[in-house]
Amino acid sequence: MTVKRLRLQNFTAFQDVEFEFSPGVNVLIGANATGKTHVMKVIYSLLKVCERVQPEQSEAGDQLDKLFYDKLMGVFKPDSIGRLVKRTGGNHPAAIRLEYADAVLEIKLTNRKNFSVVHTGLPRPKPAIYLPNQEFLSLSEGFIAAYQNRETSFDETYYDLSVALNALPLLGSQLEASKKLIDALEKAIHGKVTHEKGRFYINLPEGKLESHLVSEGYLKLAGLIYLLRNGSLSPTGLLFWDEPEANLNPKFIALVVQMLKMLVASGAQIFLATHDYLLSQELSVLAETQETPIKFFALYKSDGARLHSQETGVSIESGNTLFE
């Protein structure tokens with residue numbers, strides 16, 4: 001079961017676009033403010049609600065509306081839900097249509113705060129994890145309490161990630177599906193990750209170091225190791241990763257590509273937003289071997305167009321390789 005399609009109408013940077021996704025890796029490329037992160041966040045938000053919703057809530061209209069409303073507000077952090085509606089010079093509503101497996105989920109919202117959810121069989125998605133572009137292992141200490149007390153302005157993807165990182169490690173046979181990935185990543189950083197009394201440590205050849213003393217590039221990989229170890233990042237789940245290349249040594253890019261290949265082979269579906277040519281090129285080469293299903297989406301604006309402007313908005317082109 002995978003995300004098949006997403007249509008966005010009058011939503012943030014988009015006037016009317018449709019994405020048809022690969023069951024493997026989906027790569028979103030484009031300049032700043034073209035909505036790459038928004039595409040991933042809206043899919044993640046809707047599926048995360050579906051992942052956690054109880055059967056009795058799926059038919060409770062107002063209650064279900066509130067769950068999706070709250071998640072979009074928490075992930076996008078607008079002043080009001082209407083701020084997600086593209087400014088078009090009128091009161092045109094925004095619409096989101098997501099197709100997952102055989103289920104269809106539609107959400108409509110207006111800048112007058114009207115909000116409604118319609119679904120044809122609520123999706124029952126595989127577990128999803130969202131990795132923001134900022135390294136988070138060293139920031140997670142005390143983060144859950146700070147977020148719940150509204151002492152931080154980070155969006156809800158960071159809170160979800162902090163909760164995921166605090167899950168207990170899997171044991172024995174539960175780890176088998178992730179063992180190859182964990183071993184490859186531990187070999188790359190020459191170390192192991194431990195979580196003790198709310199703080200993360202990296203056990204490197206030179207000794208055991210607090211996560212705050214380790215470079216951000218190493219910590220990004222260390223975070224992946226721990227998420228795999230505790231099952232929050234499932235080899236058969238959904239991974240949303242914003243700018244994997246940020247603060248990462250170029251020598252690790254090939255490792256990231258191999259890890260993505262292994263995840264897809266295990267049954268995962270992956271969404272990436274990137275500015276990095278090296279990462280895109282490595283993925284394109286992998287796509288040309290036809291071993292891993294990969295699709296590229298180029299997001300772009302016409303000259304002079306701005307986010308939320310009355311211009312046409314962001315357009316997309318797609319292909320199975322970077323240069324197709």
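Before reading further, recall that the structure is shown in the block above.
Residues numbered from 1 in each chain as written. Predicted model: local features only at pLDDT ≥ 70, side-chain atom pairs only at ≥ 80, totals over all residues. Heavy atoms only, no water.

Caption draft 1: Representation of the overall build of the protein chain in the model. Secondary structure assignment for the protein chain yields eight helices and 14 strands. For 324 residues, the compact-globule estimate of 2.2 N^0.38 gives 20 Å, and the protein chain sits close to it at 20 Å. Referenced to the eigenvectors of the C-alpha coordinate spread, the extents of the protein chain come out at roughly 60 × 45 × 35 Å. Split into buried and exposed, the 324 residues of the protein chain put 53% on the buried side. Across the protein chain, the fraction of contacts at a sequence separation of at least 24, relative to all contacts at a separation of at least 6, is 68%. A total of about 14800 Å² of accessible surface is found on the protein chain, and carbon and sulfur atoms cover 48% of it. Distance from the positive charge centre (34 side chains) to the negative charge centre (37 side chains) of the protein chain: 2 Å. (Helix = DSSP H or I, 4+ residues; strand = E, 2+ residues; numbered from the N terminus. Rg over C-alpha atoms; globule rule 2.2 N^0.38 Å. Buried < 20%, exposed > 50% of the residue type's maximum accessible area, 1.4 Å probe, protein only. Contact = heavy atoms within 4.5 Å. Areas by Shrake-Rupley, 256 points an atom, 1.4 Å probe, with all protein chains shown as cover. Lys, Arg positive; Asp, Glu negative; His and termini not counted. Charge placed at Lys NZ, Arg CZ, Asp CG, Glu CD.)

Caption draft 2: The arrangement of the side chain of E156 in detail. Its location among the elements puts E156 in helix α4 (residues 156-165). Ignoring anything within four residues of it in the chain, the contact list for E156 reads D70, K71, G74, V75 and Y147.

Caption draft 3: Up close: the sheet that holds strand β8 (residues 192-196). In space, the three strands of this open sheet follow the order β8-β9-β10, with antiparallel pairing throughout. Of all strands in the sheet, those with a lone pairing partner are β8 and β10 (207-210), marking the two edges. The sheet shows a mean angle of 30° between the axes of neighbouring strands, taken without regard to direction. Its contacts with the sheet put helix α6 (residues 216-229) on β8 and β9 (199-204), and the angle it makes with β8 is roughly 70°. (Pairing = 2+ DSSP bridges. Axes fitted to C-alpha atoms, helices over the stretch in contact; angles between N-to-C directions.)

Caption draft 4: Region of the structure containing the packing of helix α7 (residues 253-266) against helix α8 (residues 277-288). α8 packs onto α7 with a crossing angle of 45° between their chain directions and a minimal axis gap of 10 Å. When the interaxial angle is binned, α7 and α8 end up oblique. Note that α7 runs across α8; the crossing there is right-handed. Contacts between α7 and α8 pair I253, V257, L260 and K261 from the former with L278, L279, E282, L283 and L286 from the latter. Tallied by class, the residues present in the contact of α7 with α8 amount to seven nonpolar, no polar and two charged. (Parallel < 35°, antiparallel > 145°, perpendicular 65-115°, else oblique. Left-handed = near helix turned anticlockwise from the far one by under 90°. Nonpolar A, V, L, I, M, F, W, Y, C, P; charged D, E, K, R; others polar.)

Caption draft 5: Representation of the pairing of β10. Taken together, the four bridges between β9 and β10 define a ladder with antiparallel strand orientation. By the bridge assignment for β10, Y201 is matched with E210. Between β9 and β10, which follow one another and run antiparallel, lie two residues.

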